[in-house]
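Reading the structure
Here is how the chains run, residue by residue.
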2 protein chains.
Amino acid sequence: MTTQQTIEAEYTWDGESFRAQLQVHVDGQGRITRVADAEGAPTRRLARRALLPGFVNAHSHAFQRGLRGLGESYPLGQGDFWSWREAMYALVLSLDRTSMKRLCVQAFQEMLAAGFTTVGEFHYLHHSNLGADAGELREGDFAFDEVVLEAAAEAGIRISLLQSFYKTGAIGRPLAGGQRRFATLDLDRFLQQLDRLAAKLHVRTQTLGLAPHSLRAVPDEDLRRLVDEAVRRGLVCHIHVEEQRREIEECVAATGKTPLEWLLAHVPVGPHLTIVHATHSTPERLRRFVETGANVCVCPITEGNLGDGLGDVATMLTRPDAVCIGSDSNIRLDAPEELRWLEFVRRLRHERRGVCRDSAGDVARQLLLCGTSNGARALGLPVGRIEAGCWAALIAIDVYAPELRGANADTLLPAFLFGASGSAIREVCVGGRWIR
Amino acid sequence: MTTQQTIEAEYTWDGESFRAQLQVHVDGQGRITRVADAEGAPTRRLARRALLPGFVNAHSHAFQRGLRGLGESYPLGQGDFWSWREAMYALVLSLDRTSMKRLCVQAFQEMLAAGFTTVGEFHYLHHSNLGADAGELREGDFAFDEVVLEAAAEAGIRISLLQSFYKTGAIGRPLAGGQRRFATLDLDRFLQQLDRLAAKLHVRTQTLGLAPHSLRAVPDEDLRRLVDEAVRRGLVCHIHVEEQRREIEECVAATGKTPLEWLLAHVPVGPHLTIVHATHSTPERLRRFVETGANVCVCPITEGNLGDGLGDVATMLTRPDAVCIGSDSNIRLDAPEELRWLEFVRRLRHERRGVCRDSAGDVARQLLLCGTSNGARALGLPVGRIEAGCWAALIAIDVYAPELRGANADTLLPAFLFGASGSAIREVCVGGRWIR
């Protein structure tokens, strides 16, 4: 519970441009009730600041923050995604409650400093134990589920815990090694655990979603039931799709369809559904997918680090609210850097500028949508805009930061997104509470 | 003149790894005289800091800092390099001594904050006036040459002023519009101006180099004389090469050779020579070029922003000290970001990790060389290493910065280069003088 606030910054983003003398009224619950021309003294005046909606990080695996600085040596030549995954599994096996909590708090605090006020935590590392010795597979203790929620509350970030179902190591193959910490072997028990978590949420900052890990890790019939269950419960549903070529080949071999093709054929596709990566998805299937109102989450820094390849963002953006971003492996946490490289890597590929642009041709405004309201849409949350009815999820950037010197109200947004980083952010507000 | 110093940080980079209890001895001129195991109290103790050589920014056009936040709207569809150049020329025509100085100081200060202690300023915007009315072309006043040197001194950065020769607007075509501010029409007068500048340098932090702008802007016979003159005077020589496909086509049409092919055939190529970009250069020519000991400067952020394309860095690195980096347009100034994306954009292209790696397979160490000693080599300056004989060009990073939390001596370098930014840099030393 906070008190009512009226916030007035030097500039406030109104969805189209930065405006002076605008006040944001926030109720005691942390919701924006009104955005209007200034009248009277604000309770919080942010001099020399420009107010933007907080960024939405639609896809994170917080614990992977623990890999930073590791796995960047290739004594035998070049590596790839699969060699990286081995390093990640080694981390997975090493974690206990204390170290898991520490990594998650670190990641969430760094997200806040980087401008992300909301995270969609795609959570598959459920167990603090292996569940059984190597010969026999049982589910573990689900202890890390609550650890993640506690860490988010401690850091102060809004979280949508995207509870992940993970049953097979590859299509038709049992879990092995570190994967046994992810085990969810029975869908009914999985939904019971979801209900237990629902009862423990901080109601103002925590929500749940469903996350069948991938077609590789979830058998067909469980996947169908999970998407149906998401629709029935009004939850969002996220799934990794077509990040790696090998994953596509194995799915085609097993089902005759690529993962995205399979989804389009077998589950209800619409605004509740978000696919993550879609790096190797064909334009035709992407077009059909986004036409339903469904979402795609792209993770530029992680995809660059892992060498995944370049997804067809131009086609995804045939619906301008279809593309959001995620920090995924959390090797680097910075919202402006994610957004500019979402655009830059595609400029390099096509040798043209302006791949992500809104209907007026503006790149920065389109990138801002990808970083804010599009992510809010994918998580089903009223954030990502500074307007009545939304949670007060705000960041205040220092108009006088060295990186922004020379910018005016018209050029501040592109100067920030192309030329600065989270280090220009001075204050951060989550649900009415000022974290920094 | 500073006093003698002994510097001891918690960790100091010795060229191979971070070591504790190492002291860096610096003389009153700002040169490192000795790096040795700690003995006695240092004059400057940097607790909780790791000392690295300052980064070398081998290619900058400082005034283009004034374009930040501009030119990112494409109402008529996608843009390219050439539409960006029009915006740049508009800025060029608007500058006077005061605004030129302000932009250069801003850029140089931001470079220092971003970890660059040395800049190679590829300087072609010479004149504060147009030289003549539109009908007649005369050289202007060369007033901006000294403005750049003054700005560097004021900011405190080490500069190699790469004085640029710029005579034609395209092969065989006169200068037009904003280009007239770049005009150097007579090589003898150009060299006289170089001599005048030599007499005005701050001897401890300023040097000169030669920079024929490109094959597009410099007639063949002037170009040959300029490279010969660089060799005769012992100066480095930098030139833009094969950034854009159109530039290559026009050169082939006029000379029968691509720009790089022409250089290999007609001028002495060796360690004195650095080509900038080489985005569309063929592997065979790149291999021949670097085999001579010559250098290539790649500008990852600017090339990403302009949508130039992806140069073949893997081939350039067949000689590991051949590749350095530059911030070029200065749209974003951050050394770690330049370096990680030098690697990441190529991972995305090849779907493999570890394009830039040293002989042991280590990526971070190879990237550090590209960002430090390789740039020093291209500028012919004794910087970029923490060792006796080099200028004390140092940065101190905060080992306890949130982005680096969890790193140890072994993982600190990759954690910094992949996961942090200039905001983790707390102190900066240029030639013995502490700027921050």
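Above this note sits the structure.
Residues numbered from 1 in each chain as written. Chains lettered and ligands numbered in written order. Predicted model: local features only at pLDDT ≥ 70, side-chain atom pairs only at ≥ 80, totals over all residues. Heavy atoms only, no water.

**Examining unusual backbone geometry**
- Of note in this structure, A:Glu242 is not a glycine but carries a positive phi near 55 degrees.
- Classification of A:Glu242 as buried rests on a relative accessible area of 2%.
- Even without being a glycine, B:Phe142 presents a positive backbone phi close to 55 degrees.
- Locating B:Phe142 in the fold gives a position in the loop between β7 (116-123) and α3 (143-155). (Buried < 20%, exposed > 50% of the residue type's maximum accessible area, 1.4 Å probe, protein only. Helix = DSSP H or I, 4+ residues; strand = E, 2+ residues; numbered from the N terminus.)

**A few points about the relation of the copies chain A and chain B**
- Each copy superposes on the other: chain A lies on chain B with an RMSD of 0.0 Å after a rotation of 180 degrees and an axial shift of 0.0 Å. A rotation of that kind, with that shift, is consistent with a two-fold axis.
- Of all interface residues in chain A, 100% are interface residues in chain B too; the two copies therefore contact each other through one and the same surface. (Least-squares fit on C-alpha atoms with pLDDT ≥ 70 in both. Contact = heavy atoms within 4.5 Å.)

**Structural notes on the interface of chain A and chain B**
- Chain A puts 61 residues into the contact, and the matching count from chain B is 61 residues.
- Taken together, the two surfaces of chain A and chain B that pack against each other cover about 5200 Å², and 51% of this comes from carbon and sulfur.
- Together, A:Gln78, A:Leu348 and A:Arg353 form the three largest contributors to the area buried by chain A at its contact with chain B, with a combined 16%.
- Our count for the chain A to chain B interface comes out at eight salt bridges.
- As a salt-bridge pair, B:Arg245 and A:Glu351 come within 2.6 Å of each other at their nearest N and O atoms.
- One can count 28 residue pairs in polar contact (both at pLDDT 80 or more) joining chain A with chain B.
- Residue assignment for the side of chain A that touches chain B shows that the elements contributing at least two residues are α1 (81-94), α2 (97-113), α9 (300-306), α11 (335-350) and α14 (412-419) of chain A.
- Counting residues per element, the side of chain A that touches chain B draws most heavily on α11(A), at seven residues.
- In terms of residue class, the side of chain A that touches chain B is built from 23 nonpolar, 19 polar and 19 charged. (Buried area = accessible area lost by both parts, 1.4 Å probe. Salt bridge = Lys/Arg side-chain N within 4 Å of Asp/Glu carboxyl O. Polar contact = N/O pair within 3.5 Å; in protein donor to acceptor, adjacent residues only side chain to side chain. Nonpolar A, V, L, I, M, F, W, Y, C, P; charged D, E, K, R; others polar.)

**Observations regarding the packing of aromatic side chains**
- All chains considered together, the criterion is met by 25 aromatic pairs over all chains.
- Where A:Tyr124 meets A:Tyr166, the ring centres are 5.9 Å apart and the plane angle is 40 degrees; that geometry is what we call tilted. Taken together, the residues A:Tyr124 in the loop between β7 (116-123) and α3 (143-155) and A:Tyr166 in the loop between β8 (158-165) and α4 (187-198) connect sequence positions 42 residues apart. Of the two residues, A:Tyr124 and A:Tyr166, neither departs from the other in class, the shared state being buried.
- An aromatic cluster is built from A:Trp341, A:Phe344, A:Phe418, B:Trp341, B:Phe344 and B:Phe418, whose rings are joined through pairwise contacts.
- One residue, A:Arg31, lies across the ring of A:Trp391, its end atom 4.3 Å from the ring centre.
- Taking NZ or CZ as reference, B:Arg48 lies 3.9 Å from the ring centre of B:Tyr400, over its face. (Phe/Tyr/Trp six-rings, centres within 6.5 Å; stacked < 30°, edge-to-face > 60°. Lys NZ or Arg CZ within 6 Å of the ring centre and 35° of its normal.)

**Side note on helix α12 (residues 363-371) of chain B**
Residue and element names in this part refer to chain B.
- Along α12, seven of the nine residues are buried, which leaves the element largely enclosed by surrounding structure.
- Of the residues making up α12, those classed as buried are Val363, Ala364, Gln366, Leu367, Leu368, Cys370 and Gly371.
- Capping the start of α12 is the job of one residue whose side-chain oxygen sits 3.2 Å from the backbone nitrogen of Ala364: Asp362.

**Some points on the side chain of B:Gln366**
Residues and elements named next belong to chain B.
- Relative to the helices and strands, Gln366 is located in helix α12.
- Overall, Gln366 belongs to the buried group, its relative accessible area being 1%.
- When sequence neighbours within four positions are dropped, the list of residues in contact with Gln366 reads Leu317, Pro320, Cys356, Arg357, Asp358 and Asn374.

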